[in-house]
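Each chain is listed here by its residues.
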Amino acid sequence: MSTIALDASDRRELLDRFLRYVRIDTQSDENSTASPSTEKQKDLARVLVGELQQLGCADAAMTEWGYVFATVPSNVPAGHAAAGKVPAIGLVAHMDTYHGTVGAGVKPQVIESYGGGDLALPGDARQVIRFADNPNLARCVGHTIVTSDGTTLLGADDKAGIAEIMTAVAWLGRHPEFLHGPVRIGFTTDEEVGRGTEHFDVAAFGAAYAYTLDGSDIAEIEDETFCADSALVVIEGHDVHPGYAKGKLVNAVRVGAAIVERLPREFLPETTEGRQSYLHAYDLRGDVTRVEVKLIVRAFTEEELREREESLREAVRVVQAAYAEARISVEFKESYRNMAYKIAEDPKVLDYAFEAVRRLGLEPVRRAIRGGTDGSRLSFMGLLTPNIWAGGQSFHSVQEWVSLEWMAKASEVTLHLLQIWLERSAA
Ligand SMILES: [Zn+2]
């Protein structure tokens, strides 16, 4: 049995892959209804298909939606205690980058043996990654750090995850003595615009369990996401010439503003953190006759999600009473649910992840994400998918950075996972 560890040349390969992938612009577009939202995401998809085929994944292919799927077949010999019993495990990462920050023309900066202190970014003198603002930099002294030049994001979210999975696949190819069950690789598009699983065919993917590599800090495993709904408040007023409006005008603009003002202060994104819930009015538009207010509702439990929705209904009731002539409607739509509900139904997918982290000599850190992942949707589509760190820091910003050592550990943890699934299937 080979020791699971990336050696110096594996790490070099991991870095080279990462640098290659981040130079390909894959920014998604929240205003597009196409799939993928931007054609350029397929530029990276095509590169990955070619590389996967070179690594021996004969079935590697891009779907019409731009997803990349591939298989590393099981190499468990007939007669082995686990032969035919190891479930297929999926490794998933997303190819797109955040729509709000420039993703074209990424010029990665590699700092070998980081000595501590601030990191100046060569493309923009105003952009400095401050040691004091990034507590994790202190944990990465001596590491190889990668940043952008300060004019673009880096794209470690989630090309770090892709490079880690690709390096694990390459490692498996170089270590045929390392036994593992079937591994399914899935690279998605449009995660950043919340559409990463829109065309994800879970049955065709064929994995029994999966892991996304899309988190941040080393040793962190995330099995909880928000429960998320959206809300639409529509206010219909009554327009009259304002010079002759006394007793007749019903101004939807004032009604809409009153509702937003009525939302409880203690449940706003800017006043909450950790496990607290919020109600967020993010779009308000219209005129005297009609106003639409768009909101999102977020909480870690369904009960609390209902409470926040009741906060909105209460605000509407109070305002309705003050503007009896206005017609106000509220409608909620489900976005996604906390994947912890699903994972609790079959917790070994999580337990094995903790065990894999321990085998790296680290203490696993269980965390809840104040957001969603591809994994939260996949979990509700029948494929339980906790999230593992990928290493990136300050996601979505021009000060994004990543440690190569943390990336290497993420790659190694996937290999430990495969080994644990094999061991437990043989037992
Ligand atoms: Zn991500």
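Anything mentioned here points back to the structure above.
From a predicted model like this one, the values you see are computed outputs, not experimental measurements. (Residues numbered from 1 in each chain as written. Predicted model: local features only at pLDDT ≥ 70, side-chain atom pairs only at ≥ 80, totals over all residues. Heavy atoms only, no water.)

**Points about the overall build of the chain**
Of regular secondary structure, the chain possesses eleven helices and 17 strands. Relative to the compact-globule value of 22 Å for 427 residues, the chain shows a C-alpha radius of gyration of 24 Å, a close match. Across its three principal axes, the chain shows a C-alpha extent of roughly 85 × 50 × 40 Å. The buried share of the chain, taken over its 427 residues, is 56%. Of the contacts formed within the chain by residues at least 6 apart in sequence, a portion of 80% connects residues at least 24 apart. On the chain, the mean spot of the 44 positive side-chain charges and the mean spot of the 63 negative ones are 3 Å from each other. (Helix = DSSP H or I, 4+ residues; strand = E, 2+ residues; numbered from the N terminus. Rg over C-alpha atoms; globule rule 2.2 N^0.38 Å. Buried < 20%, exposed > 50% of the residue type's maximum accessible area, 1.4 Å probe, protein only. Contact = heavy atoms within 4.5 Å. Lys, Arg positive; Asp, Glu negative; His and termini not counted. Charge placed at Lys NZ, Arg CZ, Asp CG, Glu CD.)

**Let's talk about the sheet that holds strand β17 (residues 401–403)**
The three strands lie next to each other as β4-β7-β17, forming an open sheet whose pairing is antiparallel. Because the sheet does not close on itself, it has two edges, and the strands there are β4 (109–111) and β17. Averaged over neighbouring strand pairs, the angle between their axes works out to 20 degrees when direction is ignored. Note: strand β7 (residues 145–147) against β17, three bridges, orientation antiparallel. Following the sheet pairing, Val-146 is matched in β17 by Val-402. (Pairing = 2+ DSSP bridges. Axes fitted to C-alpha atoms, helices over the stretch in contact; angles between N-to-C directions.)

**Quick word on the sheet that holds strand β12 (residues 278–286)**
Judged by pairing direction, the sheet is antiparallel, and its four strands sit side by side in the order β12-β13-β11-β14 without closing on themselves. Here the strands that pair on one side only, and so sit at the sheet edges, are β12 and β14 (327–336). With direction set aside, neighbouring strand axes in the sheet form an average angle of 20 degrees. Pairing analysis gives nine bridges linking strand β11 (residues 227–236) to β14, with the strands arranged antiparallel. Paired with Asp-229 across the bridge in β14 is Glu-334.

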